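# Descriptive structure summary
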Amino acid sequence: MLHRKVFAGRSGGRHLPRRLGFLATLCAVAWLAGLLWFASNLPSSIADGTRATDAIVVLTGGKGRVHQGLELLSQQRAKKLFISGVYRGVDVEELLRMSRQSPENLACCISLGYEADNTRGNAVESAVWMREQGLQSLRLVTSAYHMPRSLLEFRQAMPEIEILPHPVFSNRGQQNGWQRWPGRIGLVVSEYSKYLIALLWARIAGAA
């Protein structure tokens, strides 16, 4: 009986590396399938681009985001613009000058947030501002690759607010053929990994 137990233990030990290898392969396949799903579902167009919302919220950090937000404000897509994640020391007039916009026309309607240094911080900072202003809907302006994670964080931070995505496309050629561009591959992989972490935190927060 003892001999059989020892033999069974040794047999199980021999199979352990194979089982771990199979599990690692399964996880890798699942991760890769998720990456392909994530990349294929990145926004490729702007839905409802002319609809007005209570506010426009822009997340700094990507090319063309602030300029797009200012353009939307000048087109009266909303009466208020909030820019989250602005560097300390930058004021509205300087930001307008850098974006080649007229301070006289837009400065009165712009608020800046200086506290956020990541996407979750953007969401929290923007939620506080939206509630202080008594607003119920916003158009969220950020890069197309950043939109899934931004929506996840914003909807968690302000579930009562209607959020309309407005993706910014810095390079449509690389957007459509991201697999052919090494820099773009790294960007998509990095953003997908961050999205998974944000999704995990959202699930943990929801279960708490």
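Above this text you will find the structure in question.
Everything quoted here is computed from the prediction, not taken from an experiment. (Residues numbered from 1 in each chain as written. Predicted model: local features only at pLDDT ≥ 70, side-chain atom pairs only at ≥ 80, totals over all residues. Heavy atoms only, no water.)

## Here we look at the overall build of the protein
Helix and strand counts for the protein stand at eight helices and five strands. Mapped in sequence order, the helices and strands of the protein form the string α-β-α-β-α-α-β-α-β-α-β-α-α. Within the span of the protein, comprising 208 residues, buried residues form 40% of the whole. Long-range contacts, defined as pairs at least 24 residues apart, comprise 76% of the intrachain contacts of the protein with a sequence gap of at least 6. Surface summary for the protein: the accessible area is close to 12300 Å², and the carbon and sulfur share equals 57%. (Helix = DSSP H or I, 4+ residues; strand = E, 2+ residues; numbered from the N terminus. Buried < 20%, exposed > 50% of the residue type's maximum accessible area, 1.4 Å probe, protein only. Contact = heavy atoms within 4.5 Å. Areas by Shrake-Rupley, 256 points an atom, 1.4 Å probe, with all protein chains shown as cover.)

## Quick look at the pairing of strand E5 (residues 162-168)
Taking burial as the measure, the seven residues of E5 include five buried ones, the bulk of the element. Strand direction decides the pairing type here: strand E4 (residues 137-143) and E5, joined by seven bridges, are parallel. Note that in E5 the partner of leucine 138 across the bridge is isoleucine 163. For the crossover that starts at E4, traverses helix H6 (residues 147-157) and ends in the parallel E5, the hand is right-handed. (Pairing = 2+ DSSP bridges. Right-handed = clockwise from strand over helix to strand, strands pointing away.)

## Here we look at the sheet that holds E4
Strand order in the open sheet formed by five strands is E3-E2-E1-E4-E5, with parallel pairing between adjacent strands. Every other strand in the sheet has two partners, leaving strand E3 (110-113) and E5 as the edge strands with one partner each. Mean inter-strand twist for the sheet, computed between neighbouring axes without regard to direction, equals 20°. Along the sheet, helix H5 (residues 119-133) contacts strand E1 (55-59), strand E2 (80-84), E3 and E4; its crossing angle with E2, the most-contacted strand, is approximately 155°. (Axes fitted to C-alpha atoms, helices over the stretch in contact; angles between N-to-C directions.)

## Topic: H5
Over its 15 residues, H5 extends 21 Å from the first C-alpha to the last, a length consistent with the 21 Å expected when each residue adds 1.5 Å. All of the buried residues along H5 are Thr119, Asn122, Ala123, Glu125, Ser126, Ala127, Trp129 and Met130. For H5, the secondary structure elements touched by its buried residues are E1, E2, E3, E4 and H6. You can read the cap of H5 off the contacts: a side-chain oxygen lies 3.3 Å from the backbone nitrogen of arginine 120, and it is on asparagine 118. Just downstream of H5 lies glycine 134, where phi reads positive at about 70°. (Expected span 1.5 Å × (residues − 1). Polar contact = N/O pair within 3.5 Å; in protein donor to acceptor, adjacent residues only side chain to side chain.)

Read these as layout, nothing more, since geometry by itself doesn't imply function.
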